[in-house]
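Remarks on the overall topology
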Amino acid sequence: FCDNLEANSAKEAIEYLKKRNISYETRKLFHLGVTQTKRWDALIVFLKSKGVSTKEMLELGLIIPKKDNSGYIDRFRNRLMFPIFDTTGKIVGFGGRRLSNDIKVQKYLNSPETHLFKKSHMLYGMNIAKSHIRKNNTVLLVEGYLDVIQMMQHGIMNCVAPLGTSLTKEQIKSIIR
């Protein structure tokens, strides 16, 4: 997804990020990316070339069955991609913001729950914020991905966001830890 964002075909995503005043350095820090828009199976083709099986892609929520059950398509299409990291810095899921103005398409789409990704247990930005939270003994809780990104871009590093859910007991326990 990161490579796609650097490609000339990602103009819409780059313009959106510029409009939101997200710097190149911040894009890199958060590993922001974009899905391919010309193909419905670009991620499938890429991951297969890396030896990832269809079963693994399905288990990780990266693909969904076609409506006619004749195969699979990428779950995330025409979206700005926000990798979601666990506290150790490993990517465990994704959030995707639609790039089109089509209101029939869900604005934000998260990875489904998997053995790696439990939305109600995680906070966006915690992988970066945890040491700053400890140092300041304070956490700032904001609404979403771009709020965290904007705050951190401006040096406020002890901030996190729930992943499109109301704050849960598990997320509060994570903050306390």
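Provided above is the structure to which this section pertains.
Here the structure is a predicted model, which is why all the values come from computation and not from measurement.

1. Describing the sheet that holds strand β6 (residues 108-110)
The strand order β1-β4-β5-β6 describes an open sheet built from four strands, whose pairing is antiparallel. Two strands bound the open sheet, and with one partner strand each, they are β1 (33-34) and β6. Relative to strand β4 (residues 79-85), β1 runs antiparallel, the two sharing two bridges. Paired with G33 across the two strands is M81, which belongs to β4.

2. A word on the packing of aromatic side chains
Scanning the model with the defined rule gives six aromatic pairs in all. A centroid spacing of 5.2 Å and a plane angle of 90° characterise the contact between F1 and F94, whose relative ring orientation is edge-to-face. Pair noted here: F1 is in the segment before α1 (2-6) and F94 is in strand β5 (residues 91-98), with a separation of 93 residues, a long-range link. Since its relative accessible area comes to 25%, F1 is described here as partly exposed. Seen from their ring centres, F76 and F94 are 6.4 Å apart, and the 65° between their planes marks the pair as edge-to-face. Of the two residues, F76 is situated in the loop between β3 (72-74) and β4 and F94 in strand β5; the sequence distance between them amounts to 18 residues. An identical accessibility class is assigned to F76 and F94; each is buried.

What counts, and where the lines are drawn
- Residues numbered from 1 in each chain as written.
- Predicted model: local features only at pLDDT ≥ 70, side-chain atom pairs only at ≥ 80, totals over all residues.
- Heavy atoms only, no water.
- Pairing = 2+ DSSP bridges.
- Helix = DSSP H or I, 4+ residues; strand = E, 2+ residues; numbered from the N terminus.
- Phe/Tyr/Trp six-rings, centres within 6.5 Å; stacked < 30°, edge-to-face > 60°.
- Buried < 20%, exposed > 50% of the residue type's maximum accessible area, 1.4 Å probe, protein only.

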